[in-house]
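# Analysis of the macromolecular model
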Number of protein chains: 2
Amino acid sequence: MIKVAFQGEPGAYSEAAVLEYFKNEAAPLPCESFDAVFEAVEKQKVSYGVIPIENSLAGSIHQNYDLLRQHNLHIVGEHFLRIQHCLIALPEAGLSDIRKVISHPQGLAQCDHNLRKLNHVKTEAVYDTAGAVKMLHDRGISTAAIASRRAAEVYHMQILIEGFEDNKANFTRFLVISPEAVNPGNNAKTSIVFALENKPGSLFKAMSVFALRDLDLTKIESRPLIGTPWDYLFYIDFIGSTEDPRVKKALDHLGEYSVMLRVLGSYPRYQF
Amino acid sequence: MIKVAFQGEPGAYSEAAVLEYFKNEAAPLPCESFDAVFEAVEKQKVSYGVIPIENSLAGSIHQNYDLLRQHNLHIVGEHFLRIQHCLIALPEAGLSDIRKVISHPQGLAQCDHNLRKLNHVKTEAVYDTAGAVKMLHDRGISTAAIASRRAAEVYHMQILIEGFEDNKANFTRFLVISPEAVNPGNNAKTSIVFALENKPGSLFKAMSVFALRDLDLTKIESRPLIGTPWDYLFYIDFIGSTEDPRVKKALDHLGEYSVMLRVLGSYPRYQF
């Protein structure tokens, strides 16, 4: 089994991402924080780490971009996980027993409309979604939790309602990180982070290095950095690998404009 | 007094943004959800709403971009609020009394390193930062909360430690929304959202409409939309107002490439 670190409790969405990506050949290692995931990978306590990088409703997780910049690790894969929330309760509970629903505040917020359809139900925030399911034993049959199908399985609980999320287009993109770079194959994606001199038109020049070589972007994001020498960081993902001469030339060209440039990794592109 | 809706409890960071932006001439109205803020503005129960749109650590709040697209309101202002977390307790508590710290999970996460420096302190997640301070009366002197200075004032509590956040470069950008557009003056910013045909180079063309007219971007972000006819939405903010003929021409030009284009508003730019 391949040891893989993730942030959260057993049953967390990150653990589901680990199991989907490694096709059940992984032994997932729960970690308390994202820092702890990076540390476990760096110290080779595990072969890989899996971290969320962006969610289709909640945006990019800049903290993990910062950790990627601070550590000398490589992105070696990506995975998209559909976030399907379940309403979960003790095996003997019925929907009419439920008076309180507990989850991470984001889990509660993402099921807000469906929660309102349940009568006389109060909500209570707890630290994470899987942790909420773990608590159900102590809370009794009148409490339900919002979490993943996997969390219900891990803690032997009952799924009262599946697909409880208000918005079905709820996906989280995860990155797989490792101390060693990977051969990304023919259908590769590359992730970079860079900073530019704060001059008019500098971002347009930076993008032209890709457009002039017909390299397609799959992500672009500016991140304001207030109170730092750089005003902005830019995140770009594009189709292609650093093995490709066109990509090498584009990155050399980008180096002419950028005051900081870091290739975070080339890796096989996720297939929907 | 100007009635202004915000999401959260009295003492929330959004309320602090309202008071800073309107220079204490506002009567803030707490709302349960972002939807409720938009509804209060649309039904003219209030003159303005103030919503967070991006945080320097946690990224863009796509949910509020979705609400901006769904409602026919205008952005009329922006405000940057520095997020300074305080460790807050009952007036009679001392730092050595504290055994538990409660806050929104993001508040706890953003003070993680400083929390570890306190000995034998457990953490507990609650729904929001200001709500944590409100709970201190019932919890007694051994519990502290992480929240804003404003929350300590609202609930007559003591600030044990100010600047308790691990990362000082923690800012949230807020938008001010109204049913009526505003004259943005000479130093204006404009926010747009658009979708493109999924063709190679289409984003580069879209950006050229600004670069060719020397219009400076202050934000660009692609947002993947999985399972929709558009693959991506793009958010762009640029310097200039829709009153400026160059901006009109640029937006006309962008209209030639985009399959959806919405101007969310032109408004006075925030001065740091």
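Residues numbered from 1 in each chain as written. Chains lettered and ligands numbered in written order. Predicted model: local features only at pLDDT ≥ 70, side-chain atom pairs only at ≥ 80, totals over all residues.

### A short note on the relation of the copies chain B and chain A
- Note on the copies: chain B fits chain A at an RMSD of 0.0 Å, the axial shift is 0.0 Å, and the rotation between them is 180°. Within this description, the copies of the chain are treated as partners about a two-fold rotation axis. In terms of C-alpha distance to the rotation axis, chain B has Glu221(B) as its closest residue, with the C-alpha 2.1 Å off the axis.
- With an isologous cut-off of 70% or more, the 100% of interface residues of chain B that recur at the interface of chain A puts this contact in the isologous class. (Least-squares fit on C-alpha atoms with pLDDT ≥ 70 in both. Contact = placed C-beta atoms within 7 Å.)

### Considering the environment of Asp237(B)
- Mapped onto the fold, Asp237(B) is located in strand β14 (residues 232–239).
- Along the primary structure Asp237(B) and Ser266(B) are separated by 29 residues, whereas in three dimensions their C-alpha atoms are 9.5 Å apart. (Helix = DSSP H or I, 4+ residues; strand = E, 2+ residues; numbered from the N terminus.)

### Some words on the interface of chain B and chain A
- Contacts between the two partners involve 35 residues from chain B and, on the opposite side, 35 residues from chain A.
- Elements with a minimum of two residues in the side of chain B that touches chain A: β4 (59–60), α3 (62–70), α9 (202–211) and β13 (217–224) of chain B.
- Looking at which element gives the most residues to the side of chain B that touches chain A, the answer is β13(B), with 6 residues.
- Partitioning the side of chain B that touches chain A into residue classes produces 19 nonpolar, 11 polar and 5 charged. (Nonpolar A, V, L, I, M, F, W, Y, C, P; charged D, E, K, R; others polar.)

### Regarding the domain arrangement of chain A
- Considered domain by domain, chain A is made up of domain 1 (2–82 + 171–178), domain 2 (86–161) and domain 3 (188–268).
- Spacing between the C-alpha centres of domain 2 of chain A and domain 3 of chain A amounts to 43 Å. (Domains from an automatic or database assignment.)

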